[in-house]
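# An overview of the molecular structure
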Amino acid sequence: MAYANDQDTFLYALSSNNAWAGYKSHQNPEFFPKLASGQSPKILWLGCSDSRCPETTILGMQPGDVFVHRNIANIISPTDINTSAVIEFAVVYLKVRHVVLCGHSACGGAAAALSDSRVGGVLDTWLTPLKAVRNAHREELQAIRDDKARAIRIAELNVQQGIDVLMANATIQDAIEERGLDVHGVLFDIGTGRIRDLGFGTRKDGGRGGSPDEVVRGRHATLVFRGGNASMKVNR
Amino acid sequence: MAEEDISKYLRQTHDRVFEHNRAWAKEQGEKDPGFFAQLSAGQNPEYLWIGCSDSRIPAEVITGLEPGEAFVHRNIANLVCNTDLNVMSVINYAVRHLRVKHIVVCGHYGCGGVKAAMTPKDLGILNPWLRNIRDVYRLHEKELDAIPEEEARYNRLVELNVVEQCRNVIKTAAVQQSFAKDKFPIVHGWVFGFRDGLLKDLEIDFEKMLGDIQKIYNLTE
């Protein structure tokens, strides 16, 4: 039966961790001692629990870089104590610089919200805010013929709604005022692996827009910002 | 830092994310041209991972699991509270709809949430959340009080918290009913150590724990 194979996958995760830990400490003996000394992530990631959206992996970042909360359909409810505790800890105590709310294409939660049937259990209650988004934009969503495109559109609207909730959060408001915390709404396209800035939050233009080139000289490299892109050159 | 430097720095740290994401997407696409097409077709993860929000424990990175293999919920101090509809929705969806085979509750030594919970301070909105950890301490007060060294005592509290949250997962209707019918999911308790990067399996006896809680929490009839 399938169970034996499942147990193999389970053992794989543990043995793979062993190999990863060995590789990491071989590559950089300081890696784990540094991790053990504490965390100072710059980014709070609020995303979906979906197995296809592993934040640190898709961002190409390392352990220690991203503080994470993931729930069903990346719903931000103002009275949800779980998300509120995460925001408080990350913004007040860890002083992250960016809050990133990320939706994604082909989201099961979005599909459920677009359908008229019940999901069952506590899920219908949890998905209520997303249902409300659907009802508020019923006509626009109905006009989209393609199922995939409709799911992407409701995911965008869901991020927009979540950003509104984040911008109304007292802790986040204070941090924007006091130290320029940035709040961003983005969408991850599972079909291409790319993240798109939706332009919601503290930077309404979704980046630099048409501003001229900007060059930042660091100690080891020079960063050039051009339009929506950045490139890096190693200093000689 | 001058104001202009700060805004430049913020722009850089944000743009770095997009830069890295582009590099990652390109690399994955080159390694396996069908990768993203297959991903967008749907998910069929074997695992539900309930871990801490701590930036140092990205589930997929430390376990080597690929995108699509683990459904993930992360919150402060990997808590599973019975009235929290957020985590309850995650468990419900993972068990009943995705039919995961394993649920892992993963804590970590040196957990800031566990430390904060034991600090005699009013932490505002964090109070109701962290209270659950104080309750775990109260359940194991004798054992914990007997550990003289502070770090060792915290580390033991981290382990006991994981065990208690595993118990809370097992108490859910979704897990009890699914196991009665299909013999899965199995619930595991792990602890991640930063000093060596290794996961420690607390080797929870899942079936015994299930039998024990069902005296009071049975939801299968």
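What counts and how
- The numbering scheme is per chain: residues are counted from 1 as the chain's sequence reads.
- Each chain gets a letter, beginning with A, and each ligand a number, beginning with 1, in the order they are written.
- Predicted model: local features are reported for residues with pLDDT of at least 70 only, side-chain atom pairs are reported and counted for 80 or more only, and whole-chain, interface and lining totals are derived from all residues.
- For side-chain calculations, the full set of non-hydrogen atoms in the structure is used, while hydrogens and water are omitted.
- A run of H or I in DSSP becomes a helix once it reaches four residues, and a run of E becomes a strand once it reaches two; helices and strands are each numbered from the N terminus.
- Exposure classes here rest on a 1.4 Å probe applied to the protein chains alone. A residue is buried below 20% of its type maximum, exposed above 50%, and partly exposed in between.
- Pairs of residues are marked as contacts when any of their non-hydrogen atoms sit within 4.5 Å.
- UniProt positions are given in the numbering used here, feature names are shortened, and annotations may be inferred rather than shown by experiment.
- Here a strand pair is declared whenever DSSP counts at least two bridges between the two strands.
- For a helix, the expected span equals 1.5 Å multiplied by the residue count minus one.
- pLDDT is a residue-level measure of predictor confidence that goes from 0 to 100.
- The term buried area denotes the loss of accessible surface (1.4 Å probe radius) that occurs when two parts are joined, taken as the sum for both partners.
- When a carboxyl oxygen of Asp or Glu is within 4 Å of a side-chain nitrogen of Lys or Arg, the pair counts as a salt bridge.
- Nitrogen and oxygen atoms within 3.5 Å of one another constitute a polar contact, given that in protein one can donate a hydrogen and the other can accept it, and given that sequence-neighbouring residues count only through two side-chain atoms.
- Amino acids are sorted into nonpolar (Ala, Val, Leu, Ile, Met, Phe, Trp, Tyr, Cys and Pro), charged (Asp, Glu, Lys and Arg) and polar (every other residue, Gly among them).
- What we call a nonpolar core is a set of buried Ala, Val, Leu, Ile, Met, Phe, Trp, Tyr and Cys residues that are connected through their side-chain atoms within 4.5 Å.

Scanning chain B from N- to C-terminus turns up ten helices and five strands. Taking the principal axes of the C-alpha coordinates as reference, chain B spans close to 55 × 45 × 30 Å. In chain B, which comprises 221 residues, the proportion classed as buried is 56%. The long-range share in chain B, meaning contacts at least 24 apart out of those at least 6 apart in sequence, stands at 65%.

Cross-referencing UniProt, the feature "binding site: Zn(2+)" (unreviewed entry) maps to Cys 48, Asp 50, His 104 and Cys 107 of chain A in the present numbering. In summary, the annotated positions, though distributed over 60 residues, converge in three dimensions, the widest C-alpha pair being only 9.1 Å. When you line up the elements, Cys 48 of chain A lands in strand β1 (residues 43-48). Exposure remark for Cys 48 of chain A: the relative accessible area of 7% places this residue in the buried category. Among all residues touching Cys 48 of chain A, those that are not within four sequence positions of it are Cys 53, Arg 70, Asn 71, Ala 73, Asn 74, Cys 102, His 104 and Cys 107 of chain A. Tracing the backbone shows Asp 50 of chain A in the loop between β1 and α3 (55-58). Not counting chain neighbours up to four residues away, the residues in contact with Asp 50 of chain A comprise Arg 70, His 104 and Ala 106 of chain A together with Gln 43 and Phe 71 of chain B.

As a rule of thumb, non-glycine residues mostly have phi less than zero, and peptide bonds are mostly trans rather than cis. Between Phe 184 of chain B and Pro 185 of chain B the backbone carries a cis peptide bond, its omega angle lying at 5°. Phi angles above zero are rare outside glycine, and Asn 74 of chain A is one such case at about 35°. Within the secondary structure, Asn 74 of chain A is located in the loop between β2 (66-71) and α4 (81-93). A positive phi angle, close to 65°, is found at Ala 77 of chain B, a residue other than glycine.

Residue and element names in this part refer to chain B. For strand β4 (residues 186-192), a buried count of seven out of seven residues is recorded, marking the element as mostly surrounded by other parts of the structure. Side chains of β4 alternate between two faces, with Ile 186, His 188, Trp 190 and Phe 192 and Val 187, Gly 189 and Val 191 buried alike. Judged from the seven bridges that link them, strand β3 (residues 102-108) and β4 form a sheet pairing that is parallel. Pairing of Val 104 across the sheet is with His 188, part of β4. Alignment of β4 against strand β5 (residues 199-201), held across three bridges, turns out to be antiparallel.

Right, let's talk about the UniProt feature "binding site: Zn(2+)" (unreviewed entry) in chain B for a bit. Residues and elements named next belong to chain B. In the numbering used here, UniProt assigns the "binding site: Zn(2+)" (unreviewed entry) feature to Cys 52, Asp 54, His 108 and Cys 111. Within the element layout of this structure, His 108 appears in strand β3. Checked against the element boundaries, Cys 111 lands in the loop between β3 and α5 (112-117). Excluding residues within four positions of it along the chain, Cys 111 makes contact with Cys 52, Ala 77 and Val 158.

On to α4 of chain A. Counting along an α-helix, one turn takes 3.6 residues, and residues three or four places apart therefore face a common direction. Residue and element names in this part refer to chain A. Between its terminal C-alpha atoms α4 stretches 17 Å, which fits the 18 Å expected from 13 residues at 1.5 Å a residue. Most of α4 sits out of view: ten of its 13 residues are buried. What α4 keeps buried is the set Asn 82, Thr 83, Ser 84, Ala 85, Val 86, Ile 87, Glu 88, Phe 89, Ala 90 and Val 91. Residue Lys 95 follows α4 closely and has a positive phi angle near 50°.

Moving on: the confidence of the model for chain B. Of all residues in chain B, 98% have pLDDT values of 70 or greater, and the mean over the chain is 91. In the predicted assembly, ipTM is 0.84 and pTM is 0.84.

Relative to the helices and strands, Ser 84 of chain A resides in helix α4. Those residues in contact with Ser 84 of chain A that sit more than four places away from it in its chain are Pro 78 of chain A together with Ile 125 of chain B.

Chain B puts 79 residues into the contact, and the matching count from chain A is 86 residues. Between chain B and chain A, a total of about 7300 Å² is buried, with carbon and sulfur atoms accounting for 62% of that surface. Our enumeration of links across chain B and chain A arrives at two salt bridges. With a closest N to O distance of 3.2 Å, Glu 60 of chain B and Arg 70 of chain A form a salt bridge. Taken together, the connections running from chain B to chain A amount to 26 residue pairs in polar contact (both at pLDDT 80 or more). Ranked by the residues each element gives to the side of chain B that touches chain A, the list is headed by helix α1 (residues 3-31) of chain B, at 18 residues. Of the residues contributing to the side of chain B that touches chain A, the split by class is 38 nonpolar, 24 polar and 17 charged.

Moving on to the nonpolar core. The biggest cluster of nonpolar side chains holds 118 residues, and the ones touching the most others in it are Leu 166 of chain A together with Trp 49 of chain B. Among the elements that line this core, the one with the most residues is helix α8 (residues 150-170) of chain B, at eight residues. The contacts of Leu 166 of chain A, once residues within four sequence positions are left out, are Leu 46, Ile 76, Ile 87, Val 99, Leu 101, Ile 172 and Val 183 of chain A. Among the nonpolar cores identified, the runner-up in size contains 21 residues, and Met 61 of chain A together with Val 17, Trp 24 and Leu 39 of chain B belong to it.

A word on the confidence of the model for chain A. Mean pLDDT over chain A: 85, with 83% of residues reaching 70 or higher. The model gives residues 205-236 of chain A a pLDDT under 50, and that stretch makes 56 contacts with residues more than four places away or in other chains.

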